[in-house]
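Each chain is listed here by its residues.
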Amino acid sequence: MNEYRQEIGALTMRWVRRLSREKFSMLFTLVQPMLFWLIFFGNLFQRAADVRVVQAPNYISFLAAGVVIMTVLNNGLAGGVDLLFDKENGFLERLMSTPIHRSSVILSRFIFVMTITSLQVLVILGVAYLFGVRPATGFLGVVVILLIGLLFGVGLTAISMAMAFSVKSHGDFFSVLGFLSLPMIFLSSALVPLAAMPTWMGVLARFNPMTWAIDAVRPLILSGWAEALGPVAMVVVVMVAFDALCLYGSARAFRRAMG
Amino acid sequence: MDRAVAIDVSKLGKVFDGATAIEDISFQVFAGEIFGLLGPNGAGKSTTLRILMTLLRPTSGQATVLGHDVVQEPEQVRRLIGYVPQERAIDRFLTGREHLQLLADLYHLPKAESPRRIDELLRLVDLEDKADQPAKTYSGGMKRKLDIACGLLPNPKVIFLDEPTLGLDVQSRLRIWDYVRGLRARGITVVMTTNYLDEADQLCDRLVIIDGGRIKALGSPGELKAGLGGDIVSVTLSTAEMGRVETLAAALKGHPAIRAVSTTQTGLDIRVESPEKTLPAVLEAANRLACRLEFIEYHRPRLDDVFVAHTGHAIREEFPNAEEE
Ligand SMILES: Nc1ncnc2c1ncn2[C@@H]1O[C@H](COP(=O)(O)OP(=O)(O)OP(=O)(O)O)[C@@H](O)[C@H]1O
Ligand SMILES: [Mg+2]
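This structure is a prediction, so every number in the text was calculated from the model and none was measured.

Caption draft 1: Inspection of the overall build of chain A at higher detail. Scanning chain A for helices and strands turns up 13 helices and zero strands. Taking 18 Å as the expected radius of gyration for a compact globule of 259 residues, we find that chain A reaches 19 Å, a close match to that expectation. Counting only C-alpha atoms, chain A reaches 60 × 35 × 35 Å along its principal axes. For chain A, the proportion of its 259 residues judged to be buried stands at 52%. Long-range contacts, defined here as pairs at least 24 residues apart, represent 77% of the contacts in chain A between residues at least 6 apart. For chain A, the computed accessible surface area is about 11900 Å², with 72% contributed by carbon and sulfur atoms. The positive charge centre, built from 19 side chains, and the negative charge centre, built from 12, are 2 Å apart in chain A.

Caption draft 2: Helix α1 (residues 2-21) of chain A, seen in detail. For α1 of chain A, which comprises 20 residues, the first-to-last C-alpha distance of 28 Å matches the rise-based estimate of 28 Å (1.5 Å per residue) to within 8%. Turning to α1 of chain A, its buried residues are Tyr4, Gln6, Glu7, Ile8, Ala10, Leu11, Thr12, Arg14, Trp15, Arg18 and Leu19 of chain A.

Caption draft 3: Here's a closer look at the nonpolar core. Within the largest apolar cluster, 154 residues are counted, with the highest numbers of intra-cluster contacts made by Ile148, Phe152 and Met210 of chain A together with Ile7, Leu38, Leu100 and Phe160 of chain B. Contacts of isoleucine 7 of chain B, omitting those with residues within four sequence positions, involve Phe27, Gln28, Val29, Leu52, Thr64, Val65, Val158, Phe160 and Val191 of chain B.

Caption draft 4: Region of the structure containing the interface of chain B and chain A. Every contact between the two is made by 33 residues of chain B and, on the other side, 24 residues of chain A. When chain B packs against chain A, close to 2700 Å² is buried across both sides, 55% of that on carbon and sulfur atoms. It is Phe93, Leu106 and His108 of chain B that lose the most area in chain B upon contact with chain A, and together they represent 25% of the buried surface on that side. On inspection of chain B and its partner chain A, the count reaches seven salt bridges. Note that glutamate 98 of chain B is salt-bridged to arginine 17 of chain A, the shortest N-O span being 3.2 Å. Here chain B and chain A share 13 residue pairs in polar contact (both at pLDDT 80 or more) between them. Here the side of chain B that touches chain A gets eight residues from one element, more than from any other, and that element is helix α3 (residues 96-106) of chain B. Its residues placed into classes, the side of chain B that touches chain A shows 16 nonpolar, five polar and 12 charged.

Caption draft 5: Summary view of unusual backbone geometry. All names here are of chain B. For leucine 66, which is not glycine, the phi torsion reads 50° and is therefore positive. Locating leucine 66 in the fold gives a position in the loop between β4 (60-65) and β5 (68-69). Note on leucine 66: relative accessible area 31%, which makes it partly exposed. With phi around 55°, asparagine 155 is a residue other than glycine that occupies positive phi space.

Caption draft 6: How the structure looks around the coordination of the magnesium ion (ligand 2). Ligation of the magnesium ion (ligand 2) by protein atoms is provided by Ser46 of chain B (OG) and Gln86 of chain B (OE1), these donors lying 1.9 to 2.1 Å from the ion. Taken together, the residues serine 46 of chain B in helix α1 (residues 45-52) and glutamine 86 of chain B in the loop between β6 (81-84) and α3 connect sequence positions 40 residues apart.

Caption draft 7: Quick peek at the site of ligand 1. All names here are of chain B. Around ligand 1, the surrounding shell holds 13 residues, and the nearest of these are Gly42, Lys45, Ser46, Thr47 and Gln86. At 2.5 Å from an oxygen atom of ligand 1 is found a side-chain nitrogen or oxygen belonging to threonine 47. For ligand 1, whose accessible area on its own is 630 Å², the fraction buried by protein is 61%. Counting residues per element, the shell around ligand 1 draws most heavily on α1, which supplies three residues.

What counts and how
Residues numbered from 1 in each chain as written. Chains lettered and ligands numbered in written order. Predicted model: local features only at pLDDT ≥ 70, side-chain atom pairs only at ≥ 80, totals over all residues. Heavy atoms only, no water. Helix = DSSP H or I, 4+ residues; strand = E, 2+ residues; numbered from the N terminus. Rg over C-alpha atoms; globule rule 2.2 N^0.38 Å. Buried < 20%, exposed > 50% of the residue type's maximum accessible area, 1.4 Å probe, protein only. Contact = heavy atoms within 4.5 Å. Areas by Shrake-Rupley, 256 points an atom, 1.4 Å probe, with all protein chains shown as cover. Lys, Arg positive; Asp, Glu negative; His and termini not counted. Charge placed at Lys NZ, Arg CZ, Asp CG, Glu CD. Expected span 1.5 Å × (residues − 1). Core = buried A, V, L, I, M, F, W, Y, C linked by side-chain atoms within 4.5 Å. Buried area = accessible area lost by both parts, 1.4 Å probe. Salt bridge = Lys/Arg side-chain N within 4 Å of Asp/Glu carboxyl O. Polar contact = N/O pair within 3.5 Å; in protein donor to acceptor, adjacent residues only side chain to side chain. Nonpolar A, V, L, I, M, F, W, Y, C, P; charged D, E, K, R; others polar. Donors = N, O, S within 2.8 Å, 3.2 Å for Na, K, Ca; no water. Near = heavy atom within 4 Å.

So, in structure tokens, the structure goes:
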């Protein structure tokens, strides 16, 4: 157990060190593009969006939940990138030749990605606060939002790592990534509520786990516990199933790549 | 000779998506020796090494490292080995010291012990001055040294070096040879791959020649050369005469003092019992065919000749003489 902690600690520290050395990407990670979505999109569509359609006092407070989950999506899907580069330059092989638990590398990556994601979600909620978005469920609500983010992020990061282990080249990886992320966003309730979508889009969006996550975060920000509890309970069920599926698939990909 | 066997490889095979990378590889490595896998690009050296290091599962056959089966007991194997990969497996954002710290934790060294060990290794490979700079500021040779320090960190019983001197300048190569001999002096068993003939010749106690995924020869450099028997007479033809090289070879083949004739890029290599008896015969045959000889020399067999004799081709076709200069 001690050995396990030592390995995971050292591997996680490596991700932190790398991030702190890459000044440019550090900047982009912290002042995330998602923040611009919130600020510019939120204010830009203030007039265009009908408050009766979005059912919120203003568009930015509606959008906040979407931006939070989009951040989780982007970080999760990109979570395997560093492993991909490790695989390509042989560093992963060096790690795997040491007597570590096979799962340590992956666990360290989960810990790192989840921590960074949580920090970013806090930054986004902080900025939204400056624009007058006060989470209706208060401090505890923010904790629940972070937990929902973690539940969703674990599955996404697992998919991303599985892809990193299976793809033949990093070109493939980034193509799939680009192919996945935009439809995931547009076929969800991130920008528009399901009720306001064309029927076929609304139906597809129901199958998107992102929709469930957003629909649970949104009442936590906008309405209060009475309306949030149902969707929160629902998203836990959806995410447990989603995570189980993703973790099962990625464990298989990992075993195949390492066998 | 009944020396302790450190590594026992038996009928190892590996197929990648239908393509055979290695086939029927068997050899033993004795404890405390420098053992080489010599072969051209794509021969299957790294694949063999990866299987021994538990990074790949063999498709067929078995291998043990210090008595532990690489498939059944990978954990035990990993605790006993060090690895210096072929690609510089370096994280450009970490400093040299941070690399070693990371590995110290992955090998579960006690926290109190690791700083001393890391300093010792940095001194061993002359990287003390650059230890706290990110690896992206290192030259190729420095990265290689850091790789070697990383391989030594666990204080392994067996160390695997995959092409340790690839792409290094002459001084760095010689220095690395010295390190490798130093490892042997400390009782570490060294398994290394190379496609440099002179490196295999001067550094390895014993070696296998691998080509096309199969073992072609096994022995000490001395045994392998002696195994060829006799000396080599090399004939160089002028470029204009190269078209007739086969005719000359055919004329020489039946001669009683000649064991084998093979064509090279510049002429013929003739394996002979004694050069004294053969030289006149060669000159006579060339004369009879009116084939102009540019140059003729004879020498004791080199590892190059061993390689050609067992594989039918030179290790690097493009630069036939690269090793001698
Ligand atoms: N992961 C892999 N997937 C598919 N084929 C592979 C893989 N690794 C190696 N091969 C193939 O196996 C053969 C042996 O490769 P290997 O890397 O063992 O050669 P090598 O002797 O180390 O060559 P080099 O001197 O270039 O390092 C090659 O034909 C190579 O293309
Ligand atoms: Mg190789």
